[in-house]
Amino acid sequence: MGGSGEVDLVLRSTRVVTPDGTRPASVAVTGGTIAAVLPHDAEVPAGARLEDVGDHVVLPGLVDTHVHVNDPGRTEWEGFRTATRAAAAGGITTLLDMPLNSLPPTTTVEHLRVKQDVARSEAHVDVGFWGGALPDNVKDLRPLHEAGVFGFKCFLSPSGVDEFPPLDQDQLAASLAEITGFGGLMIVHAEDPHHLDAAPGGSSTRYADFLASRPRDAENTAVGNLIAQARRLGARVHVLHLSSGDALPLIAAARSEGVRVTVETCPHFLTLTAEEVPDGATEFKCCPPIREAANQDALWQGLADGVIDCVVSDHSPSTADLKTPDFSTAWGGISSLQLGLSAVWTEARRRGHTLDDVARWMSTAPAALAGLDRKGAVEAGRDADFAVLAPDETFTVDPALLHHRNRVTAYAGRTLYGVVTSTWLRGVRIADRGRPAAPSGRLLERNK
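From a predicted model like this one, the values you see are computed outputs, not experimental measurements. (Residues numbered from 1 in each chain as written. Predicted model: local features only at pLDDT ≥ 70, side-chain atom pairs only at ≥ 80, totals over all residues. Heavy atoms only, no water.)

K.L.:
It is not clear to me how the sheet that holds strand β9 (residues 131-132) should be interpreted in this structure. Could you clarify?
P.N.:
Neighbouring strands of a sheet are bound in pairs by backbone hydrogen bonds; such pairs are parallel or else antiparallel. Pairing is parallel in the open sheet, where six strands are placed in the order β9-β10-β11-β12-β13-β14. At either end of the open sheet lies a strand with only one pairing partner, and these are β9 and β14 (310-311). Here strand β11 (residues 186-189) runs beside strand β12 (residues 236-239); their pairing, made up of three bridges, is parallel. Bridge pairing in β12 links V188 to V239. (Pairing = 2+ DSSP bridges. Helix = DSSP H or I, 4+ residues; strand = E, 2+ residues; numbered from the N terminus.)

K.L.:
In this structure, what is going on with the packing of helix α3 (residues 138-146) against helix α4 (residues 169-181)? I would like to understand it.
P.N.:
How two helices pack is summed up by the angle between their axes together with the distance between the axes. With their axes 10 Å apart at the nearest point, α3 and α4 run at an angle of 30° to one another. Compared by their axis directions, α3 and α4 come out roughly parallel. Between α3 and α4 lies a crossing whose hand is right-handed. Facing α3, whose interface residues are V138, L141 and R142, α4 presents S175, E178, I179 and G181. Tallied by class, residues from the contact of α3 with α4 come to three nonpolar, two polar and two charged. (Axes fitted to C-alpha atoms, helices over the stretch in contact; angles between N-to-C directions. Parallel < 35°, antiparallel > 145°, perpendicular 65-115°, else oblique. Left-handed = near helix turned anticlockwise from the far one by under 90°. Contact = heavy atoms within 4.5 Å. Nonpolar A, V, L, I, M, F, W, Y, C, P; charged D, E, K, R; others polar.)

K.L.:
Looking at this structure, I do not really get the environment of Q296. What am I missing?
P.N.:
Following the sequence through the fold, Q296 ends up in helix α10 (residues 293-305). For the pair Q296 and D197, spaced 99 residues apart in sequence, the C-alpha separation works out to 25 Å. The residues touching Q296, leaving out its near neighbours within four places in the chain, are F269, L270, T271, L272, T273, E347 and R351. There is a polar contact of 3.3 Å between the side chain of Q296 and the backbone oxygen of F269. (Polar contact = N/O pair within 3.5 Å; in protein donor to acceptor, adjacent residues only side chain to side chain.)

K.L.:
When you look at the packing of aromatic side chains in this model, what are you seeing that I'm missing?
P.N.:
By convention here, two paired aromatic rings are described through the distance between centres and the angle between planes. One pass over the structure, following the stated rule, counts eight aromatic pairs. Residues F210 and F327 carry aromatic rings whose centres are separated by 5.7 Å and whose planes lie at 20° to one another, so their mutual orientation is stacked. Residue F210 is located in helix α6 (residues 207-213), and its partner F327 is located in the loop between β14 and α11 (340-350); the two are separated by 117 residues in the primary sequence. In terms of burial, F210 and F327 fall into one category: buried. Taken together, the ring pairs connect Y207, F210 and F327 into an aromatic cluster. The side chain of R74 reaches across the aromatic face of W77, ending 5.3 Å from its centre. One cation-aromatic arrangement involves R349 over Y417; the distance from NZ or CZ to the ring centre is 3.7 Å. (Phe/Tyr/Trp six-rings, centres within 6.5 Å; stacked < 30°, edge-to-face > 60°. Buried < 20%, exposed > 50% of the residue type's maximum accessible area, 1.4 Å probe, protein only. Lys NZ or Arg CZ within 6 Å of the ring centre and 35° of its normal.)

K.L.:
Help me out: how do you make sense of the packing of α4 against helix α7 (residues 216-233) in this one?
P.N.:
Between α4 and α7, whose axes approach to 10 Å, the crossing angle comes to 40°. In terms of axis orientation, α4 runs oblique to α7. Along this stretch, α4 crosses α7, giving a crossing that reads as right-handed. Here Q169, L172, A173, L176, A177 and T180 of α4 lie close against α7, whose contacting residues are N225, L226, Q229, R232 and L233. Among the residues making up the contact of α4 with α7, the classes are represented as six nonpolar, four polar and one charged.

K.L.:
What is the right way to read the sheet that holds strand β8 (residues 126-129) from this model?
P.N.:
Taken in spatial order, the three strands line up as β6-β7-β8 in an open sheet, and their pairing is parallel. Taken across any chain shown, the strands that pair with only one partner, and hence form the sheet edges, are β6 (62-67) and β8. Neighbouring strand axes in the sheet, compared pairwise and without regard to direction, differ in orientation by 20° on average. Across four bridges, the pairing between strand β7 (residues 92-97) and β8 is parallel.

K.L.:
Can you help me understand the nonpolar core in this one?
P.N.:
Considering soluble globular proteins, one finds that nonpolar side chains tend to be buried as a cluster. Of all hydrophobic cores here, the largest spans 95 residues; its most connected members are F152, M186, L242, I251 and V358. Non-local contacts of F152, meaning those with residues more than four positions away in its chain, are made with W130, G131, G132, A133, L141, L144, H145, I179, F182, L185, M186 and I187. Grouped together as the second largest cluster of nonpolar side chains are 14 residues, L11, V378, A384 and V388 included. (Core = buried A, V, L, I, M, F, W, Y, C linked by side-chain atoms within 4.5 Å.)

K.L.:
For this particular structure, what's the right way to read the environment of V29?
P.N.:
For V29, the position within the fold is in strand β2 (residues 21-30). When the C-alpha atoms of V29 and D385 are compared, they prove to be 10 Å apart, with 356 residues separating the residues in sequence. Apart from the residues lying within four places of it in its own chain, the contact partners of V29 are V7, D8, L9, A35, A384, F386 and G427.

K.L.:
Looking at this structure, how should I read the environment of G332?
P.N.:
Mapped onto the elements of the fold, G332 is located in the loop between β14 and α11. Through-space distance from the C-alpha of G332 to that of C286 is 4.2 Å; in sequence the pair is 46 residues apart. Those residues in contact with G332 that lie beyond four places of it in its chain are K285, C286, S316 and K323.

K.L.:
So what exactly am I meant to see when it comes to the pattern of salt bridges here?
P.N.:
Oppositely charged side chains can form a pair if their charged atoms are brought close together. Taken as a whole and assessed by the stated rule, the structure comprises 27 salt bridges. The shortest N-O distance in the salt bridge between D126 and R426 comes to 2.5 Å. Placement of D126 in strand β8 and of R426 in the loop between β16 (415-425) and β17 (428-432) is noted, with a sequence separation of 300 residues between them. R426 carries the same exposure label as D126, and that label is buried. The shortest N-O distance in the salt bridge between R255 and D309 comes to 2.3 Å. Within this pair, whereas R255 is found in helix α8 (residues 248-256), its partner D309 is found in the loop between α10 and β14, the two being separated by 54 residues in sequence. (Salt bridge = Lys/Arg side-chain N within 4 Å of Asp/Glu carboxyl O.)

Following this line, the structure appears as structure tokens:
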């Protein structure tokens, strides 16, 4: 079985997504770790419990590296208990919390400890933390790295909250130089402030006006500047929530030159289009924005080509009252922790992609980005984290059935393929048909 101890669980399916493809298998689990991936008809060891899920698909538990839990400080927006309940219901077994919009932000070791203390007893899934890079906290970056954060987030344009200001190009260079010195990772909200300032703005309920206020050029320029800095400093950088397909050739070219740049996109950019957003429907507002259908096609091509590495949620909730009908003042953020797998699978299957692809984008690649070498694959030696999916079942999104704190969603009323029938964390079922069990997640630190 590849490890010491007795096998205590065998999870069996005719379709198990492994690094070598999807096949019938029995996954043997010992003490929360995958001991072996065996033939489907392998004998169940004495004393082991068999869970046969038939032809439902066993995927590696999803790893969502872009979640705003907002706890503590803005817990009326979201909290660790509610966010991780939603994650478990949606097949996510590991999430990394962004350093904002909590109060305090995760920009010092002391602030990290505050957040860890809040999360420790509340987490339904495993939780790790990003640090934040601000204009005045270069001195705090190495201590945060040593305290176990997985990397550092910065903004190149205003973040929307005063306590997390953006970096200009000189400040970005200073933070990148410091982070590169200890082998860290910078993850970047890449929109150029000068392009945003020059774009048309003002109060409006029209989505077309909001879209014009966040032009593709703002992303393209910021990505280009980031690549130039990474090339010059030898830094490792990651582009967050890419929405502009125009930036993909720039990223591909940089990679071919050896620049260490990775990129993610989000379910809402892959499944929703500007053309379908009604005026005043600010549940669709996010920054950067949901763009046109032709741009969405380019993002899917970027995934197919391997230029885009990850698909993660950027779950960024708020209270319903902040989603005013005015796009210029409404809070920007899409809540999708519970729905991301189904939303992406619905569009992926239509475009001819497989669940092997989805597992790579939503589990394997995010785990690799963060260095979570026990997550992200159904293979011996990894944590026994699984999402079991009925891929051909459909459901219509009812906000009342969502577990995140404020049940505002851009997916309300949409019919999606793929029902998460159960979620497993280290061999323990933590959600059953959308009903989470008691919190049992652990706090994760880099390389621990």
